[in-house]
Amino acid sequence: MEYFLPFKLHIVAAFAALGVVAMSTAGAAYLVQPALDEIFIKKDEAALMYIPLLLIGVFVAKGVGLFIQKFLMSYCGIKVLERLRYELFAKIICLPLDFFGETRVGMLMSRIISDVNLISSSLPELIRMVQHILTMIGLTGLIIYRDPKLAFWACLVFPLAVYPVIYFGRKLRKNGRKMQAKVADVSSHLQESFNGLRVIKAFATEELERTKFRDTVAKLVRIGIKGKVYNLLSSPIMELIGAVGAGLVIWYGGREVIAGNRTPGEFFSFMTAMVMLYDPFKSISQANNTLQQALAGAERVFEILDASDLKEEAGGTAEYAPPFESLSFEDVTFAYPGVKEPALRSINLDIKAGERVAFVGQSGSGKTTLAHLIPRFHDCQQGVIRLNGRPVSEYSLVSLRTNIGIVSQDPFLFNLSVRENIAYGRPSTEQNKVEEAARAAYAHDFILELPQGYDTVVGEKGVKLSGGQKQRLTIARAIMKNPSLLILDEATSALDTESERIVQDALENLMQGRTSLIIAHRLSTIISADRIVVMRKGEILDIGHHSQLIERCPAYQNLYKLQFNEEKLP
């Protein structure tokens, strides 16, 4: 409810409009009695003039009140929806990478889109319930004023009507939880299938994926049908209870009219009020059903927003600013969540300004993990990493990550123009440097050959470009960033020989005047490094120049021999 507090004036105005609606409904029922008795029985011509006008006025007031109430509540609901979606996205995107390793992206998308959508209907439905309660109070007052005895028979069935509201509300809340969980499954399945479309087509498993999706959707349908049954059953049950009450009133009221104790106008005015009274009670049941489903969505949203164990990444207060002076790992040990075996064990390493330090080793040796600890994509459980003599945890994340450049083997581009991808994250004042960065990355020539040049939209994940072209754009993006420390994570491993040569030249431009950490699979790319760090199973086996390692390090000798037949090494 606190999300609606900024709109308290709108809500107060909506409640005022509700009061007008409630009084208008009761007023319309009240006018039935003078209409029947004065016009149709007494044939009063004066009444024939003013009663229809009063009736029209009552319904105009009711219509205006309904419009104001519904518009204001819809406006509040949409604005709250906007804030909730933003806060949910803002929190999720600031969670540590470890969270995304254990959570399906499709589930997160479902919470931001589907679950938040359900919440937007909660306040309008709550106000709708209040509207009907106010209407019921007005109408109940009218029927008691008209005839206390008849009112007793009319209200006799009300306690029976409370049970279906509670029973079906609980059922729908439980069903809503299952429904939203299954919607998340469908969203996850779609996201995974579309991202893995090349693999699906390569293995010709379209039919298998269709079957899996059909089964997932079938489960969603079964849950949906069950929810519809609960939702639709509540209405006829409320109708039946209302019919019992109406039958009792007609039986007792009819006897009174036949006996001459009441006029037909008084009875039908009472009946009109009673019929109007049962309708909001039935509507309250429907509003409660919708509200319970909304609360099921709210539970899933606030599981993330209010979860104490899901904490956003927190940096220090110190600002890291170039120049880069030193980087040291002091007895660093790290293990991924849920994995007993450490990915890194007791790493000790010092890197000085201007050095090119290469990391080699078999897959799983911890090279990339070590690099990811520097910008704090993960935090080590033991030891400390110092940058310019200060633990990296003391720097603000923005200043730390802004001054570290990363080029990975899997280049990622946004579905934006070439220009926007190169200048990503940079202020608009630096837009004029895009072409300069592209030239340094050997990307300018191929960019000019694209249909709209620098304004060409590259497609999702850069699907319209080749692997080498995408990699050169990410290098241009790193050049725009102008980092003081550079991490190259197997940046050329997925490229063919021709593309690798061009990209390697671009990387040379990028590494000029910078401290560089190079993770490489191909030894030919790191032969000239100042130092080579040989790793195996999360430990450092040896550190030295190529000539030193080829003489004394068996693990490095083995890597050399494995690649010697494929590459001509100096």
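Before reading on, note that the structure itself is shown above.
A brief look at the structure comes next. All of these numbers come straight from a predicted model, not from anything done at the bench.

## Here's the deal with the side chain of Asp542
Stage number 1. Take Asp542: it is sitting in strand S10 (residues 539–544).
Stage number 2. Residue Asp542 is classed as buried on the basis of its relative accessible area of 16%.
Stage number 3. Within the local environment of Asp542, its side chain forms a polar contact with the side chain of Arg552, the two groups lying 3.0 Å apart.

## Details of the sheet that holds strand S3 (residues 356–360)
Stage number 1. Across the sheet, 6 strands lie side by side as S6-S7-S8-S3-S9-S10; this open sheet has mixed pairing. What marks the edges here is a single partner per strand, and that holds for strand S6 (404–408) and S10. Direction aside, neighbouring strands of the sheet carry axes that sit 15 degrees apart on average.
Stage number 2. Pairing of strand S7 (residues 485–489) with strand S8 (residues 515–519), which is carried by 5 bridges, proceeds in the parallel orientation. Its bridge partner lying in S8, Leu485 is registered against Thr515.

## With respect to the packing of aromatic side chains
Stage number 1. With the rule as written, the count across this model stands at 7 aromatic pairs.
Stage number 2. Here the aromatic rings of Phe412 and Phe414 are separated by 5.1 Å at their centres, their planes lie at 85 degrees, and the arrangement is edge-to-face.
Stage number 3. Among the residues examined, Phe412 registers a relative accessible area of 39% and is labelled partly exposed.
Stage number 4. Owing to a relative accessible area of 28%, Phe414 belongs among the partly exposed residues under this scheme.
Stage number 5. Put simply, the rings of Phe412, Phe414 and Tyr424 touch in pairs and so form one group of aromatic residues.

## Structural notes on the pairing of strand S4 (residues 382–387)
Stage number 1. Summarising the sheet, strand S1 (residues 326–334) and S4 pair through 5 bridges and their orientation is antiparallel. Considered in S4, the bridge of Thr333 is made with Gln382.
Stage number 2. Relative to strand S5 (residues 390–391), S4 is paired through 2 bridges, and the arrangement is antiparallel. Its bridge partner being in S5, Arg386 is matched across the sheet by Pro391.
Stage number 3. Between S4 and S5, which pair antiparallel and follow one another directly, the connecting turn spans 2 residues, one of which, Asn388, has a positive phi of 55 degrees.

## Notes on the sheet that holds S1
Stage number 1. Taken in spatial order, the 4 strands of this open sheet run S2-S1-S4-S5, and their pairing is antiparallel. Sheet topology places strand S2 (344–352) and S5 at the edges, where each strand pairs with a single neighbour.

## Some thoughts on the nonpolar core
Stage number 1. Counting 45 residues, the largest nonpolar core has Ile422, Ile447, Leu473, Ile475, Leu510, Ile526 and Tyr556 as its most contacted members.
Stage number 2. The dominant element in this core, judged by the number of residues it contributes, is helix H17 (residues 467–481), at 6 residues.
Stage number 3. Other than its neighbours up to four places away in sequence, Leu473 contacts Leu413, Val418, Ile422, Ala443, Phe446, Ile447, Val458 and Leu465.

## Regarding the packing of helix H1 (residues 8–30) against helix H3 (residues 45–93)
Stage number 1. Put simply, H1 and H3 touch, their axes get as near as 8 Å, and they point 150 degrees apart. Taken together, H1 and H3 sit at an angle that is classed as roughly antiparallel. Like other packed secondary-structure pairs, H1 and H3 cross with a definite hand, here left-handed.
Stage number 2. Split into classes, the residues belonging to the contact of H1 with H3 amount to 18 nonpolar, 6 polar and 1 charged.

## A short note on a positive patch on the surface
Stage number 1. Where like charges cluster on the molecular surface, the positive patch consists of Lys171, Lys174, Lys178 and Lys226.
Stage number 2. The leading source of residues in the positive patch is helix H8 (residues 158–195), at 3 residues.
Stage number 3. Note that Lys226 resides in helix H10 (residues 206–258).

The rules we used
- Residues numbered from 1 in each chain as written.
- Predicted model: local features only at pLDDT ≥ 70, side-chain atom pairs only at ≥ 80, totals over all residues.
- Heavy atoms only, no water.
- Helix = DSSP H or I, 4+ residues; strand = E, 2+ residues; numbered from the N terminus.
- Buried < 20%, exposed > 50% of the residue type's maximum accessible area, 1.4 Å probe, protein only.
- Polar contact = N/O pair within 3.5 Å; in protein donor to acceptor, adjacent residues only side chain to side chain.
- Pairing = 2+ DSSP bridges.
- Axes fitted to C-alpha atoms, helices over the stretch in contact; angles between N-to-C directions.
- Phe/Tyr/Trp six-rings, centres within 6.5 Å; stacked < 30°, edge-to-face > 60°.
- Core = buried A, V, L, I, M, F, W, Y, C linked by side-chain atoms within 4.5 Å.
- Contact = heavy atoms within 4.5 Å.
- Parallel < 35°, antiparallel > 145°, perpendicular 65-115°, else oblique.
- Left-handed = near helix turned anticlockwise from the far one by under 90°.
- Nonpolar A, V, L, I, M, F, W, Y, C, P; charged D, E, K, R; others polar.
- Patch = residues over 30% accessible without salt bridge, like charges linked within 9 Å, V, L, I, M, F, W, Y side chains within 5 Å.
- Areas by Shrake-Rupley, 256 points an atom, 1.4 Å probe, with all protein chains shown as cover.
- Salt bridge = Lys/Arg side-chain N within 4 Å of Asp/Glu carboxyl O.
- Lys, Arg positive; Asp, Glu negative; His and termini not counted.
- Charge placed at Lys NZ, Arg CZ, Asp CG, Glu CD.

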